[in-house]
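Structural features, examined
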Amino acid sequence: MKLDGLDESLVAAAQAGSAQAFSRLVDRHQQAVRAFLRRACGDWAEADDLAQETFLAAWPRIGRLQAGGSVRAWLCGIAYRKHLTARRSAARSRARDTAWEQERPPAPAGQIDDRLTLETVMGDLPPDQRACVALCLAADFSHAEAAEALDLPLGTVKSHVTRGRARLLSALGVEDDA
Amino acid sequence: MTPDDRLKALFAQDEPPARDPVFSAAVGERLVRRRWLQDMALLAGLSVLGAITLWAMWPVLQPALTAVSDRLAPAAWALALAFSAVAILGGFGERAASPES
């Protein structure tokens, strides 16, 4: 799990105080962090808000990112803790502007039901399991990388992914050939 | 299509764009705003600390400043006159050198 060359140099520059380098890290990793949060919390507007909070929290802590660590996993770890904190906060207002979400191109007709089923089943999964599924099945994280990001034991991540995958496939009516 | 491919295709519909300048700009703006607020809080804290220190030390400072100011008053007047003269004469000199005048 080595930093790729560009990430490594950007992290080094950001650790030396370069806001421009950090801004490029935001550009490079916003997609992964936002996608993870969308799948973990289900509310796109809230996910994007949490993604911004994640990067705001990451900037003063960039010095703690150790050489050899994955920037993507580190950011998703911060994002996951932000998400858990937000979930615990009962007083948090859920009123968000989701108008932009309506502007997305519609999914192909045959996939709409599957999409709703996926969202429903994901919403029913426990938070840990949901986060493991979001990272390993949707975002191509290795089990080890997900364990590092979520601060969970490797075996727990593997069992969460296996169970989550089985529930999703069963709900979608897909034969599991694995 | 394998079951995993199908799951991945469904999940891919959640994928934000690879490049999103609006999101990056929003993060940058919030970072700048946060840094500005921290700077303002630091300056406000230092100002309050300075004011409290001055207030606490005023009984000691006041006699010393009065004594020093009595002694330095002539020099301060001379300096003020010199600066005024330089400023006025310098201003005249610049105007004289200007082609419009």
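Use the structure listed above.
Every value quoted in this text rests on a predicted model; they were computed, and no experiment measured them. (Residues numbered from 1 in each chain as written. Chains lettered and ligands numbered in written order. Predicted model: local features only at pLDDT ≥ 70, side-chain atom pairs only at ≥ 80, totals over all residues.)

**Focus: the overall build of chain B**
Helix and strand counts for chain B come out as two helices and zero strands. Burial status across chain B gives 6% buried among its 101 residues. (Helix = DSSP H or I, 4+ residues; strand = E, 2+ residues; numbered from the N terminus. Buried ≥ 20, exposed ≤ 12 C-beta atoms within 10 Å, placed from the backbone.)

**Describing the packing of helix α8 (residues 143–150) of chain A against helix α9 (residues 154–172) of chain A**
Residue and element names in this part refer to chain A. Remark: α8 packs on α9, axes separated minimally by 9 Å, with the N-to-C direction vectors making an angle of 110°. One element, α8, and the other, α9, form an angle in the roughly perpendicular class. Crossing hand, α8 versus α9: right-handed. Contacts from H143, A144, A146, A147 and L150 in α8 reach L154, V157, K158 and V161 in α9. (Axes fitted to C-alpha atoms, helices over the stretch in contact; angles between N-to-C directions. Parallel < 35°, antiparallel > 145°, perpendicular 65-115°, else oblique. Left-handed = near helix turned anticlockwise from the far one by under 90°. Contact = placed C-beta atoms within 7 Å.)

**Section: helix α1 (residues 3–11) of chain B**
Of the positions making up α1 of chain B, those classed as buried are L7, L10 and F11 of chain B. End-on, the buried residues of α1 of chain B take up no more than an arc of 100°, which puts them together on one face. (Arc of directions from axis to C-beta.)

**Topic: the interface of chain A and chain B**
Counting from both sides, the interface comprises 26 residues of chain A and, opposite them, 22 residues of chain B. Top element by residues in the side of chain A that touches chain B is helix α2 (residues 19–41) of chain A. It accounts for nine residues. Across the side of chain A that touches chain B, the residue classes tally to twelve nonpolar, five polar and nine charged. (Nonpolar A, V, L, I, M, F, W, Y, C, P; charged D, E, K, R; others polar.)

**Observations concerning the nonpolar core**
Side chains of nonpolar character tend, in soluble globular proteins, to be buried together. Residue and element names in this part refer to chain A. F36, L37, C76, A79, L135 and A146 are the most contacted members of the largest nonpolar core, which totals 48 residues. Per-element accounting of this core gives the leading share, ten residues, to α2. Residue assignment places this core across two domains, with domain 1 (1–104) and domain 2 (108–173) each supplying three or more. Not counting the four nearest positions on each side in its chain, C76 is found in contact with A32, V33, F36, L135 and A149. (Core = buried A, V, L, I, M, F, W, Y, C linked by C-beta atoms within 7 Å. Domains from an automatic or database assignment.)

**Quick notes on the packing of helix α7 (residues 127–138) of chain A against α9 of chain A**
All names here are of chain A. Between α7 and α9, the least distance of the axes is 8 Å, while the angle of their chain directions is 85°. When the axes of α7 and α9 are compared, the pair comes out roughly perpendicular. Across the interface between the two elements, D128, Q129, C132, V133, C136 and L137 from α7 touch V157, H160, V161, R163, G164 and R165 from α9. Of the residues assigned to the contact of α7 with α9, the class counts are six nonpolar, three polar and three charged.

That's the geometry; what it means functionally is another story.
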